[in-house]
Amino acid sequence: MIVISILVILAMIGIAQYQKTVLAAREATLREDLFQMRKMLDQYAADKGELPDSLDKLVEAGYIREVPTDPMTDAKDWQTEFGDDPNSTEGSQGIVNVRSASGETASDGSRYSDW
């Protein structure tokens, strides 16, 4: 009985550590995806002289291969923020920022949607 109790305690410790590692990997993936998409939004605007009106425009223009899946929601449901296009003479708008659609709280206490 003592041996079984010790094995259960060790298994619980191992599972908790595994879950922390998986969460850290998903958060790192989210940070990198956001960084790359924001970088490509800026690059698209610099090259084309206008902001894209959808993330699919980045794919069509070859800036990214595909819209990545949000690791927190497991869907391609990114929240895009539209703003005035500084390069437009007509006052048009385009995507100025992209955020996660997840409403969950990150390990650092912030919300994924605020990253």
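Above this text sits the structure in question.
These numbers were taken from a predicted model, which means no experiment stands behind them.

**Q** Hey, could you run me through the nonpolar core in this one?
**A** Looking at soluble globular proteins, one finds that nonpolar side chains tend to be buried together. Leu30, Leu34, Leu55, Leu58 and Trp78 are the most contacted members of the largest nonpolar core, which totals 18 residues. Of all the secondary structure elements, the ones that give two or more residues to this core are helix 1 (2-48), helix 2 (55-60) and strand 2 (93-99).

**Q** When you look at helix 1 in this model, what are you seeing that I'm missing?
**A** An α-helical turn contains 3.6 residues, so any two residues separated by three or four positions project in the same direction. Over its 47 residues, helix 1 runs 69 Å from end to end, which matches the ideal 69 Å to within 8%, given 1.5 Å per residue. Here helix 1 has its buried residues at Glu27, Leu30, Asp33, Leu34, Met37, Met40, Leu41, Tyr44 and Ala45. In the segment just after helix 1, glycine 49 is the residue with positive phi, at about 80°.

**Q** I tried to follow unusual backbone geometry on my own but got confused; where do I start?
**A** Trans is the prevailing form of peptide bonds, just as negative phi is the prevailing case for residues other than glycine. Positive phi values are uncommon outside glycine, yet aspartate 74 reaches one of about 55°. One can find aspartate 74 in the loop between helix 2 and strand 1 (79-84).

Cut-off values and rules
- Residues numbered from 1 in each chain as written.
- Predicted model: local features only at pLDDT ≥ 70, side-chain atom pairs only at ≥ 80, totals over all residues.
- Heavy atoms only, no water.
- Core = buried A, V, L, I, M, F, W, Y, C linked by side-chain atoms within 4.5 Å.
- Buried < 20%, exposed > 50% of the residue type's maximum accessible area, 1.4 Å probe, protein only.
- Helix = DSSP H or I, 4+ residues; strand = E, 2+ residues; numbered from the N terminus.
- Expected span 1.5 Å × (residues − 1).

That is the geometry; function is a separate question.
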